[in-house]
Structures are given as C-alpha cells and as structure tokens.
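If you want the building blocks of each chain, they are given just below.
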Amino acid sequence: MRKFLKSSLLRFFAVVFLISSFAAAAQAQIFFVPSNDPTGHVFSTNTNDGWSSSRGVVFQATATQTITGIGLYQDLTGVLVNYEVAQTTGASGDISVGKTVLRSGSNTFTTTGLQYITFPITPLQLMAGNFYHVRFDFAGNSNQNFFYDNDNVAFSQSGFAQIDGTQGDDTGNSVMPRIQLLQAAAAPMPIPTLSESMLVALALLLAGGSFVALRRRPS
C-alpha cells in the first residue's frame, strides 16, 4: 500500500511538472493596438505602399522589460524583409537623428494570407524611460497591406507610452502597421522535492481521507 501511494504521488507531481513546462514553452506576445481604431483593415493590395522606405512603430518603454523577438502582420510571396530595432532620442517627428541601432537582420518570407512573420533576436532589454523604434522594409510588393488608421494620434498601453506609427523613420504618416513584440515566457514554477518521510505523511493523509470516505459511503 505504501509503495503504491508513493508511486502514485510521484506520478502526480511528474504530470504537474510536465503541464507547467508545456505552458511555459510559448512566448508571451505584446500587441500595439490604438484605441481609436482597434480593428484596422487592408488599405491596399499588390503594391509596396511605402514599405521600401520602411514602416514601423516608435514608443517609450514605461517599464523595464526584455524582448526576444519581433513580428509583422503581412501577406507576402517570396519577399526579402529587413528589420531594425533602434533606440531613439524621442518619439515624434524625424526619429532617425541620433538613433542607435540595437538589432537588425533580414529574411525571405512567403505567407498564407495575412499572418505574422517573426524574427527572433538576441534578448534585448528595453529600459524604462527610453525610446525605441521597431521598423521593417522591403522592396517587393505586398499581397495585402494591413494598417491601423490611428490618424497620427500617439497612445499608451501597459508598459508603453507615446506609441505611434512611422514611415521612413518619421511619425508624420497617419497609419500604423500591425507589429508585435515577443518575450520569453516565465520559467515554470519548480515542483518541490519531497523526502520519503514527507511522501509517507502525504500518503497517510490521502489514505485516511479515502478510508473515511469509504466508511461514510452508504451500503
């Protein structure tokens, strides 16, 4: 009986640990969504629509946090996309002046309709109070160009302020692309290691509860 209960408890904690590990495997996602146009829509099809000069989002971090990737909502067929994450000196007007490029790269994408294309990056800490710009550019045409029409109105959300769309490193345009930041999920909570005596005590408690339940069961 003791071996059976001990084995059952060990299996129970093993299952809990596996469930916690799988839950933590997914990346946390941050979406920038303006309150004056939370749905957005497709503005154009089969055109570049300004992506050759770059489009992106600029913001101020209001909480220190670390990102491990970025994503862009697009519909592409064999198009080379470049990305850049930079620290800027502000969040309005021409933000190219005095910027510091922190991460950059490129990849070629073919999507199935509109979907997020993602770039994993070396973990980057966004410091509270600093300004950052995430931008993308490509020379080919997009099958569908999706934007939020936030009418050049900067907005805030949890962890971020002064969020606005950019084109060509400038906030003068009236739309904002759909961009996400990726964060590593929190590590699973470790399952406590139980000594044999603790396992026996738990087994006795469970056995006692089962015995009482059986005695109270109507015949």
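The structure this text deals with has already been given above.
Criteria and cut-off values
- Residues numbered from 1 in each chain as written.
- Predicted model: local features only at pLDDT ≥ 70, side-chain atom pairs only at ≥ 80, totals over all residues.
- Heavy atoms only, no water.
- Helix = DSSP H or I, 4+ residues; strand = E, 2+ residues; numbered from the N terminus.
- Contact = heavy atoms within 4.5 Å.
- Areas by Shrake-Rupley, 256 points an atom, 1.4 Å probe, with all protein chains shown as cover.
- Salt bridge = Lys/Arg side-chain N within 4 Å of Asp/Glu carboxyl O.
- Buried < 20%, exposed > 50% of the residue type's maximum accessible area, 1.4 Å probe, protein only.
- Core = buried A, V, L, I, M, F, W, Y, C linked by side-chain atoms within 4.5 Å.
- Phe/Tyr/Trp six-rings, centres within 6.5 Å; stacked < 30°, edge-to-face > 60°.
- Pairing = 2+ DSSP bridges.
- Axes fitted to C-alpha atoms, helices over the stretch in contact; angles between N-to-C directions.

## Some words on the overall build of the chain
Next, step 1: If you tally the helices and strands in the chain, you get 2 helices and 13 strands.
Next, step 2: Pairs at least 24 residues apart make up 83% of the contacts formed inside the chain by residues separated by at least 6 positions.
Next, step 3: By element, 58% of the accessible surface of the chain is carried by carbon and sulfur atoms, the whole surface being about 11600 Å².

## Focus on the pattern of salt bridges
Next, step 1: Taken as a whole, this structure holds 5 salt bridges when the rule is applied.
Next, step 2: The partner of E84 in a salt bridge is K99, with the nearest N and O atoms 2.6 Å apart. One end of the pair, E84, is in strand β5 (residues 79-88); the other, K99, is in the loop between β5 and β6 (100-109), with 15 residues separating them in the sequence.
Next, step 3: Between R135 and E84 there is a salt bridge whose closest N-O contact spans 3.7 Å. Separated by 51 residues along the polypeptide, R135 in strand β8 (residues 131-137) and E84 in strand β5 bring together distant segments of the chain. We note that R135, like E84, is buried.

## Some points on the nonpolar core
Next, step 1: F136 and L181 are the most contacted members of the largest nonpolar core, which totals 35 residues.
Next, step 2: Counting residues per element, the ones that place at least two in this core are β3 (55-61), β4 (65-74), β5, β7 (115-126), β8, β9 (142-148), β11 (160-167) and β13 (179-183).

## As for the environment of T108
Next, step 1: With respect to the helices and strands, the residue T108 is situated in strand β6.
Next, step 2: With 32 residues separating them along the chain, T108 and L76 place their C-alpha atoms 9.1 Å apart.

## Here we look at the packing of aromatic side chains
Next, step 1: Here the structure, examined in full by the defined rule, presents 14 aromatic pairs.
Next, step 2: With a centroid separation of 6.1 Å and 35 degrees between ring planes, the pair formed by F59 and Y132 is classed as tilted. Of this pair, F59 sits in strand β3 while Y132 sits in strand β8, and the two are 73 residues apart along the sequence.
Next, step 3: Relative accessible area serves as the criterion here: at 1%, F59 is assigned to the buried category.

## Structural notes on the sheet that holds β6
Next, step 1: Reading across the sheet, the 6 strands line up as β6-β5-β8-β3-β11-β10 and stay open at both edges, with antiparallel pairing between neighbours. Here the strands that pair on one side only, and so sit at the sheet edges, are β6 and β10 (155-157). The average angle at which neighbouring strand axes cross in this sheet is 20 degrees, direction not considered.
Next, step 2: Sheet analysis places β10 next to β11, joined by 2 bridges and oriented antiparallel. When the sheet's bridge partners are listed, Q157 is paired in β11 with F160.

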